[in-house]
Each structure stands twice: as C-alpha cells, then as structure tokens.
Amino acid sequence: KSLCLLHPTSKIMKRLDSIVEVANRFQRSVNILNQLTYGSKDDLQKYQLLPSGAQVLESFATHLLGTNQRAFTITGPYGTGKSSLGFFICSLLGKD
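*Asks:* Tell me about the overall build of the protein, and name the residues and values.
*Replies:* Looking only at helices and strands, one finds five helices and two strands in the protein. Along the protein, helices and strands appear, N-terminal first, in the series β-β-α-α-α-α-α. Counting across all 96 residues of the protein, residues that qualify as buried make up 10%. Here the contacts in the protein between residues at least 6 apart in sequence split such that 51% fall between residues at least 24 apart. When the accessible surface of the protein is totalled, it reaches about 8000 Å², and 56% of it is carbon and sulfur.

See the structure below:
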C-alpha cells in the first residue's frame, strides 16, 4: 500500500513519494563491516550529527579524559542511528 495525502492547494490526493524525496543515504541501514572507509572526507561531510549523537560524543570525551573507562556501549531502538554514529566516530579517528 502507498501512503496518500490530500494536497493542500489542489485538493487532490497525492502519493507521499510524489511530494517528498528522501536522499539515498537516509534510505538504508548501515553495515559497518561492509562499508567502513576510515577517515573518508566524504563520509564525514555527509553525516548529520544530531544533538543525541553530540551528547554521546561529549559523554565519551568526558569519561576518556576524567576516568579510566575505555569501553563504551551505545544502545537504542532499531533505526535510531547507532551504527551510523559508530561509522562517523571511526571516520573521525581514521585507521590509526
């Protein structure tokens, strides 16, 4: 089934995909093992760091600088960007 919406100006039902276009990079899940390109400028430029991701990075930095903690977990519901954030972090850190 397709989602249809009533277009506000024409009063005609339109399919959602005829009104909204989603960029390819937001249409798929991330597989870190198959897609990892460490330090890629392209990957870093395309990633949109959301406030929740920035909070995770800040928490990592706080613990790395102020404690002996060196292992972290990121948990959350499917599709919330955990793997994308991991991919971004790996790209920031590079191969070394």
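*Asks:* Any details on the confidence of the model for the protein? Residues and values, ideally.
*Replies:* With 67% of its residues at a pLDDT of 70 or more, the protein has an overall mean of 76. By mean pLDDT, strand β1 (residues 4-6) is the weakest element of the protein at 57, and helix α4 (residues 51-66) is the strongest at 93.

Rules used throughout
- Chains are numbered independently. Their residues run from 1 in the order of the written sequence.
- The predicted nature of this model means local features are confined to residues of pLDDT at least 70 and side-chain atom pairs, given and counted, to a pLDDT of 80 or more, with totals for whole chains, interfaces and linings taken over all residues.
- Only hydrogens and water are set aside when side-chain values are computed; all heavy atoms of the structure are taken into account.
- Secondary structure follows DSSP: runs of H or I at least 4 residues long count as helices, runs of E at least 2 residues long count as strands, and numbering of each begins at the N terminus.
- Throughout this description, buried means an accessible area under 20% of the type-specific maximum (1.4 Å probe, protein chains only), exposed means over 50%, and partly exposed covers the range between.
- Here, two residues are considered to be in contact whenever any of their heavy atoms come within 4.5 Å of each other.
- Exposure was quantified through the Shrake-Rupley algorithm and a 1.4 Å probe, taking into account, for residues, occlusion by the shown protein chains and nothing else.
- A score between 0 and 100, pLDDT records how confident the predictor is in each residue.

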